[in-house]
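Listed below, chain by chain, are the residues.
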Amino acid sequence: MFIATLIAKERLTSGDISVAEGALRSAWVEPQGRSWIEEDIACDLLFPTLPKAAREALEGLIPGCDVIVQAEAGRRKKLLVADMDSTMITVECIDELADYAGLKEEVSRVTDRAMRGELDFEAALTERVALLKDLDESVIGRCLEERVGITPGAIPLVRTMKREGARSVLVSGGFTAFANEVAETIGFDRAISNELQVENGRITGEVGRPIVGAYAKRDALFDAAALAGVTVEEALVVGDGANDIPMIEAAGLGVAYHAKPATAAAAAARIEHNDLGALLYAQGYARREWEEA
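Rules and cut-offs
- Each chain carries its own residue numbering, running from 1 in the direction its sequence is written.
- A pLDDT threshold of at least 70 governs which residues receive local features in this predicted model, and a stricter bar of 80 or more applies before side-chain atom pairs are shown or counted, although totals over entire chains, interfaces and linings include all residues.
- Excluded from the side-chain calculation are hydrogens and water; included are all heavy atoms of the structure.
- Working definition: with a 1.4 Å probe on protein chains only, accessible area under 20% of the residue-type maximum means buried, over 50% means exposed, and in between means partly exposed.
- For helices the rule is a DSSP run of H or I covering at least 4 residues; for strands it is a run of E covering at least 2, with both sets numbered from the N terminus onward.
- Pairing between two strands requires that DSSP report at least two bridges joining them.
- Cavity and pocket criteria rest on a 1 Å grid covering protein atoms alone: a 1.4 Å probe that fits but cannot get out defines a cavity, protein on both sides within 12 Å along at least 5 of 7 lines defines an open pocket, and an atom within 4 Å of a point defines a lining residue.
- Grid points are joined across faces, edges and corners, and a volume is the space filled by probe spheres set on the points.
- Any residue outside Ala, Val, Leu, Ile, Met, Phe, Trp, Tyr, Cys, Pro, Asp, Glu, Lys and Arg is labelled polar, Gly included; the first ten of those are nonpolar and the last four are charged.
- By disulfide we mean two sulfur atoms from cysteines, separated by a distance within 2.5 Å.
- Only C-alpha atoms enter the line fits that serve as axes; for helices the fit covers just the stretch in contact. Angles between N-to-C directions range over 0 to 180 degrees.
- Here, residues are in contact when the closest pair of their heavy atoms is within 4.5 Å.

*Asks:* Would you mind showing me how to read the pairing of strand S11 (residues 253-257) here?
*Replies:* Consecutive side chains along a regular strand alternate between the two faces of the sheet. The element S11 is extensively covered by neighbouring structure, given that five of its five residues are classed as buried. Here S11 shows no split at all, with Leu 253, Val 255 and Tyr 257 on one side and Gly 254 and Ala 256 on the other all buried. Relative to S11, strand S10 (residues 235-239) is paired through four bridges, and the arrangement is parallel. Its bridge partner lying in S11, Val 237 is registered against Gly 254.

*Asks:* Can you help me understand empty space enclosed by the protein in this one?
*Replies:* Which parts of space are left empty comes out when a probe the size of a water molecule is rolled across the atoms. According to the stated counting rule, one finds one cavity of 30 Å³ or more in the structure shown. The volume enclosed by the largest cavity comes to roughly 160 Å³. Considering the residues around the largest cavity, the lining is formed by 18 residues, among which Asp 85, Glu 92, Phe 121, Gly 173 and Gly 174 are closest to the centre. Listed by contribution, the elements that provide at least two residues to the lining of the largest cavity are helix H4 (93-100), helix H6 (121-130) and strand S6 (167-175). Of the residues forming the lining of the largest cavity, the biggest block, four residues, is contributed by S6. Split by residue class, the lining of the largest cavity holds six nonpolar, five polar and seven charged.

*Asks:* Even after reading the chapter, I still don't get the state of the cysteines, so can you show me in this structure?
*Replies:* Cysteine pairs can be linked by a disulfide, which is a covalent bond between their two sulfur atoms. Scanning the entire structure with this criterion turns up zero disulfides. Not engaged in a disulfide, the cysteine Cys 65 finds its nearest cysteine sulfur in Cys 43; these two sulfurs lie 9.6 Å apart. The thiol sulfur of Cys 93 is not disulfide-bonded, and the nearest other cysteine sulfur, from Cys 143, lies at 5.7 Å.

*Asks:* Is there a simple way to think about the pairing of strand S2 (residues 33-38) in this case?
*Replies:* Where S2 and strand S3 (residues 42-47) come together, five bridges link them in antiparallel fashion. Paired with Arg 34 across the bridge in S3 is Leu 45. Linking S2 to S3, which pair antiparallel, is a turn of three residues; within it Asp 40 sits at a positive phi near 70 degrees.

*Asks:* How should the sheet that holds S3 be read in this particular structure?
*Replies:* In sheet architecture, strand pairing relies on hydrogen bonds along the backbone and comes in two forms, parallel and antiparallel. Read from one edge to the other, the open sheet built from four strands follows the order S2-S3-S1-S4, with strand pairing classed as antiparallel. Single-partner strands in this sheet number two, and they are S2 and strand S4 (65-71). Strand-to-strand twist of the sheet, defined as the mean angle between neighbouring strand axes without regard to direction, takes the value 20 degrees. The strands touched by helix H1 (residues 14-26) within the sheet are strand S1 (2-8), S2 and S3, with S2 carrying the most contacts at an inclination of about 140 degrees.

Don't take any of this as a statement about function, it's just geometry.
This is how it looks when you write it as structure tokens:
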């Protein structure tokens, strides 16, 4: 059996669910029942076949509603691998660092193009880091305190999955100085990221090698699965940028979170309206089961 989980940003009605069931039937998918996960917010629709047709019929059907289609068996994942910038946190750290140097607009343009897949990620990162040369190391701490916010739903997602026995890894093309702090705050088991080089209290404008790029992220998924003793089919992966596509495509459930178009197109599921708590509803956890901060 398969399930389509409807997750509303505001309110999901019985009428909305009936519309969804009608759309499934129009796509030659026969609904086999409905089950509320969270009254008026999240509901499962069960069906036996044609998950791709079901997803095509349901995505975008109900305003303000995300849809995740997956196999019913194994919906509760045993491994979480997540991107950091604009996924687990609300900003792109390199753009915020650049703001302290008066270069945010210039750096942000390059970041946006890299995240859209229009530029080679490693070359773009090298170019942007070079612009930070001679910036005082103290701005890293200031940036963490003043600019970096945890995305709503991130802490319940990680901590609920951990309580249920899952492992979690934060894999970032950003910097260790941020990723380690973010991972500890949220509750990740491990963080993998790039090393921003600092000498004599100043950023050198260089990043350590090898760079954690798209395929390093995918490799981190496979490594984390092996260490946890699970398969990648048992993993939930979430990210927003083009450098997340390989790991999203490799996972049992790969989710594009408020993502760039190329990433959204590559993912098996998209979250466009809700926060990260939607990924707990997708795994069948009612709000009363969430491990809150």
